[in-house]
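So the chains spell out like this:
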Amino acid sequence: MIKKATLIFKPYSALIFLDNKIAGAILFALSFLIPSVGISGVFAVLITIIFAEFITLREEVLENGFYLYNSLLVGMGIGYIFSPTFLSFFLILILSSFTFLLSFILYRLFSVYKIPILSLPFSIITIIAYLASLKYSYLYSNLINSHIAYDIHIYSLIDPFFRSLGTIFFLPNVLAGLIISLIILYFSRITFFMGIISFYLGIFIHSLLISSFTQALNDPYAFNYILVGIALGGIFLLPTLKNYILAFLGVIMSVVIVDAMNVFFNYYAIPVFTIPFNTIVMMFIFVLSSIYYKEFNYNIKKTPEKSLSYYLSNIFRFGKDIKIALPFSGEWYVYQTFNGEWTHKGKWKYAYDFIIKKDNKSYKDEGLYPSDYYSFGESLLSPVNGYIVALRDDLADNIIGEVDRINNWGNYIIIKNDAGYFVEISHLMQYSINVKVGDYVHQGQIIAKCGNSGYSPEPHIHIQLQKFAILGSETIPFVFSEYIKENKLFYNSLPKKDETIKSLIIDKSMQLRFNFILDDVYKYINEKDEEIEFKVNMNSFGEFYFTDKNSNKLYFYSTPSLFYFYNYEGNSSYLKELFKLAPKIPFINAKNIKYIDVLPIYLLHNKVKSSLIEFMSAFKPSIYKKEFSYNFNSLTLSSQFGTIKLNMYKKGFSQIQTKDFTLRRID
C-alpha cells in the first residue's frame, strides 16, 4: 500500500515531470507561498483521493500521476483566483471530482491511441470554472490583482524564466521559480537544460513575430514553451540530439498556438493555461508513436537521464535489430552474407547462406553427387518460436552442376514468429520437412534437412527474414542471437563471409538452475559472518528481480540460451556488484569461452559522473559504451570485477567474490 502522504506529494513532482517524493514534498511546501493556492491545491488532491476510494477505485490506479495532478492544478487555480471561503472550497470539491471523472474518461479514450492526457482535463475544467466565475465575481480574492499580473519591467533576462516556471504552480514570482529550477537541476540536468533553452527559444521566436522582445519576455503563457521542450526533449521522446531538434520545433509551433488561443479566449477573459502545451505534445506523440519512431521513449523512467541510460544500455548490450537463432547445430561455414556476391541482391539482400567445410572443402571424394557434400542431409533447426505458414517439399534435389531457375527458392519453409515477422529457409531436401502448415514450432526444433533444391549450386542453408508470408517477399535486416567463433561467444551479431562459426549446445540443467521462482530466498554469509538474503520478487509489470533488506532491486530475465541482468534500482549494495560480476550467463557447459558485455554507466561511477556521462550521451552516444571482457569456464565466471561460482546441483550462485568482499551460499 502506498502511504497517503507519498500519494499526496506525487502530483506536485509530476507537474515538472519528476517522480520523487522528496521533490514532491518540497514543492508541496512551496505552494504555500500563496496560502490560498497551497491550501486549495492540497484540498483538491485529498478530495480526489477520497472520491476515488468512495467509488472503490484501486489505490494503485492513483499511482498514475495524471489522476491527481490535474485535480491539483484545478485546486491551485481556484485558490489563485478566489478567496479561501466555504463556497470556494465547495467549488473545489465539485470541480476536483469532476476533474477525476474527466481524467478517467480521457485516459480510457486516449490510451487506445497511446496518447497521454497530460494536463488536458485541467485545461477543460478550468475553462468551465472561468466561464462560471463570471457569475461568481463576489468570490474573487482581494489579493488577486497583486499576483495575477506580471510586472512589465525587466530586472534581468533570468527573472522572466523563473516567473514562468513558478506560474506552472500558480506562483508567478522569482523566488518560487528559482526554487523549482534548483529542484529540477538537482534531479535532472537534461530537464533543466531543455527548460531554459526552450523558454528563450520561444521568447526569441515570439519577439520576432510581434516585434517586441520586452512583451515576449513577459508573456504570461511563456511557461508553455518550457513544458513543450521538457516533454518532447526527454520525457516522451528519448533525450537525443535528433529529438532535441524535434522538441525545439514543437516550441516554435507552440508560440503561434499561444497567440492564436490568447486572441480567441480573450473574448471571454479565459486564460490559455496549458492548452498549447497539450496540443503540441499530443500531436507529436500521436504521429511518432503511430509510425513506430525509433527514438520514442517506450520505457519512461523517473528522469530523462535514467530513460536514456536504460535505452543506451539495452541498445549496446542487446542491439536494435531482430534476433534469431542459428538454424543448425555444430560448425558451419559462412558461404554468403548480406548483399552477397551472387544472389543476395536488391530487395533480397538481407540473407545468409551456410555450408559445412572440412579440410577446406565442402565435399568428399569428387563432389559429383549431392550426398558427397557435408551439408546435405544435415538437420535444419527452427531459429524462432512460431507457426508454420507456408512450405513446399516436393521438388527434387539438383544434380551437381545444375540449378532450378524456375523454382528459385526450391523446397522451403516460412515461419511466422511470435513477434509478427517471417523467417524463410530455402533449398531443403526433397520430402525432408517433418512439420505441416499450422504447426507451432519451438526454437531449436528439427523441422527439415539441408538439401540442394531450387537455384542452388551446391547443398546449403539459405535463411532470410521478410516482411510478408509470400514467397520471395522483400527481406529485412536481422542478427543472430549468439554464436561461437574461435572460443569467443558473440551476441546479437553477424559473422563475416568465410568465417566458421559454431552454434551453442544448450545445457538444460543450467536452464533449471537459473529458473528463479517468486519468493525464492537465497542466503549468504560474508567475511564478517553477517547473513545476507536475496529474495525473488515481481512488480506489477511482471518483471522479476532480486531484492535485499534495503529494498535495492536487481532485475533479471532468461531466454532459452541466456540468463541476464538488465536493470538496477538502488544504492551501493551486493546486488549492484552482482550485476557487474555476472551481467550475462550463457546456458552452456563449455571451457574458456570469452565474451564481451557493456555495463550501464550508473554501475561504474558515482551519481555526479554518471549523470554527466548520461547528459553528454545525448550528443555522442558512443561515450556511454564501456565494454568489459568475461571468461566463462565450466562453473566459474571471471572478469576484472571478480569471480562468480556456480553449483552443479543448486540454483543460483554458490559464491560471489570481489577484491572487497566474499559472499558464500549457506542455504
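Residues numbered from 1 in each chain as written. Predicted model: local features only at pLDDT ≥ 70, side-chain atom pairs only at ≥ 80, totals over all residues. Heavy atoms only, no water.

The next point concerns the overall build of the protein. Counting its secondary structure elements, the protein contains 18 helices and 26 strands. Its C-alpha atoms put the protein at 105 × 70 × 50 Å along the principal axes. Among the 667 residues that make up the protein, the fraction classed as buried is 54%. Once local pairs closer than 6 in sequence are excluded, the contacts in the protein between residues at least 24 apart make up 64%. Of the accessible surface of the protein, which amounts to about 30700 Å², a share of 59% is contributed by carbon and sulfur atoms. When the 59 positive and 51 negative side-chain charges of the protein are each reduced to one mean point, those points stand 4 Å apart. (Helix = DSSP H or I, 4+ residues; strand = E, 2+ residues; numbered from the N terminus. Buried < 20%, exposed > 50% of the residue type's maximum accessible area, 1.4 Å probe, protein only. Contact = heavy atoms within 4.5 Å. Areas by Shrake-Rupley, 256 points an atom, 1.4 Å probe, with all protein chains shown as cover. Lys, Arg positive; Asp, Glu negative; His and termini not counted. Charge placed at Lys NZ, Arg CZ, Asp CG, Glu CD.)

This part takes up the pattern of salt bridges. Scanning all chains against the criterion turns up 12 salt bridges. Overlapping salt bridges bring together Arg317, Lys584 and Asp597 as one network. (Salt bridge = Lys/Arg side-chain N within 4 Å of Asp/Glu carboxyl O.)

In contact at an axis separation of 5 Å, helix H9 (residues 174–187) and helix H10 (residues 189–210) are set at 135 degrees when each is read in the N-to-C sense. Relative to H10, H9 is oriented oblique. In this structure, H9 uses Ser181, Ile184, Leu185, Tyr186 and Phe187 to contact H10, whose residues at the interface are Arg189, Thr191 and Phe192. Taken together, the residues of the contact of H9 with H10 sort by class into 5 nonpolar, 2 polar and 1 charged. (Axes fitted to C-alpha atoms, helices over the stretch in contact; angles between N-to-C directions. Parallel < 35°, antiparallel > 145°, perpendicular 65-115°, else oblique. Nonpolar A, V, L, I, M, F, W, Y, C, P; charged D, E, K, R; others polar.)

Here the focus is a negative patch on the surface. Taken together, the side chains of Glu527, Asp529, Glu530 and Asp660 present a region of like negative charge at the surface. Within the element layout of this structure, Asp529 appears in the loop between strand S15 (521–525) and strand S16 (531–538). (Patch = residues over 30% accessible without salt bridge, like charges linked within 9 Å, V, L, I, M, F, W, Y side chains within 5 Å.)

Turning our attention to the side chain of Asn567. Within the fold, Asn567 resides in strand S19 (residues 562–569). Setting aside chain neighbours within four positions, we find Asn567 in contact with Lys301, Tyr310, Lys553, Leu554, Tyr555, Phe579 and Tyr602.

This paragraph deals with helix H3 (residues 35–54). Here H3 spans 28 Å end to end across 20 residues, near enough to the 28 Å set by a 1.5 Å rise per residue. For H3, the complete set of buried residues consists of Ser36, Val37, Gly38, Ser40, Gly41, Val42, Ala44, Val45, Ile47, Thr48, Ile49 and Ala52. Just past H3, the residue Thr56 takes up positive phi, approximately 60 degrees. (Expected span 1.5 Å × (residues − 1).)

The geometry of an aromatic ring pair is captured by two quantities: the separation of the ring centres and the angle between the planes. In the structure shown here, the tally under the stated rule is 63 aromatic pairs. Pairing Tyr12 with Phe28 gives two aromatic rings, centres 5.5 Å apart and planes at 90 degrees, and the pair type is edge-to-face. Of the two residues, Tyr12 is situated in helix H1 (residues 4–14) and Phe28 in helix H2 (residues 21–30); the sequence distance between them amounts to 16 residues. Note on Phe264 and Phe265: the rings are 5.6 Å apart at their centroids and 50 degrees apart in plane angle, and the pair reads as tilted. Residue class for Phe264 comes out exposed when judged on its relative accessible area of 64%. In this structure Phe265 comes out as buried when scored by relative accessible area, which is 13%. Through successive ring pairs, a cluster of aromatic residues spans Phe514, Phe516, Tyr522, Phe544, Phe546, Phe556, Phe563, Phe565, Phe579, Phe587 and Phe653. (Phe/Tyr/Trp six-rings, centres within 6.5 Å; stacked < 30°, edge-to-face > 60°.)

On to the confidence of the model for the protein, then. For the protein, mean pLDDT is 90; residues scoring 70 or higher make up 94% of the total. Contacts from residues 142–154, a stretch scored under 50 in pLDDT, to residues over four places away or in other chains number 21 contacts. (pLDDT = per-residue confidence, 0-100.)

Moving on, we get to a positive patch on the surface. Residues Lys21, Lys302, Lys306 and Lys607 make up a contiguous surface patch of positive charge. Inspection of the secondary structure assignment puts Lys306 in helix H15 (residues 304–318).

One non-glycine residue with positive phi stands out, namely Phe273, at about 55 degrees. Inspection of the secondary structure puts Phe273 in the loop between helix H13 (241–265) and helix H14 (275–290). Judged by its relative accessible area of 8%, Phe273 falls in the buried class. One non-glycine residue with positive phi stands out, namely Tyr292, at about 55 degrees. Along the chain, the position of Tyr292 falls in the loop between H14 and H15.

Glancing now at the pairing of strand S5 (residues 386–392). Note that S5 and strand S6 (residues 411–417) share 6 bridges and pair antiparallel. Considered in S6, the bridge of Tyr387 is made with Lys416. Judged from the 2 bridges that link them, S5 and strand S8 (residues 440–441) form a sheet pairing that is antiparallel. Looking at the pairing, Gly386 lines up with Val441 of S8. (Pairing = 2+ DSSP bridges.)

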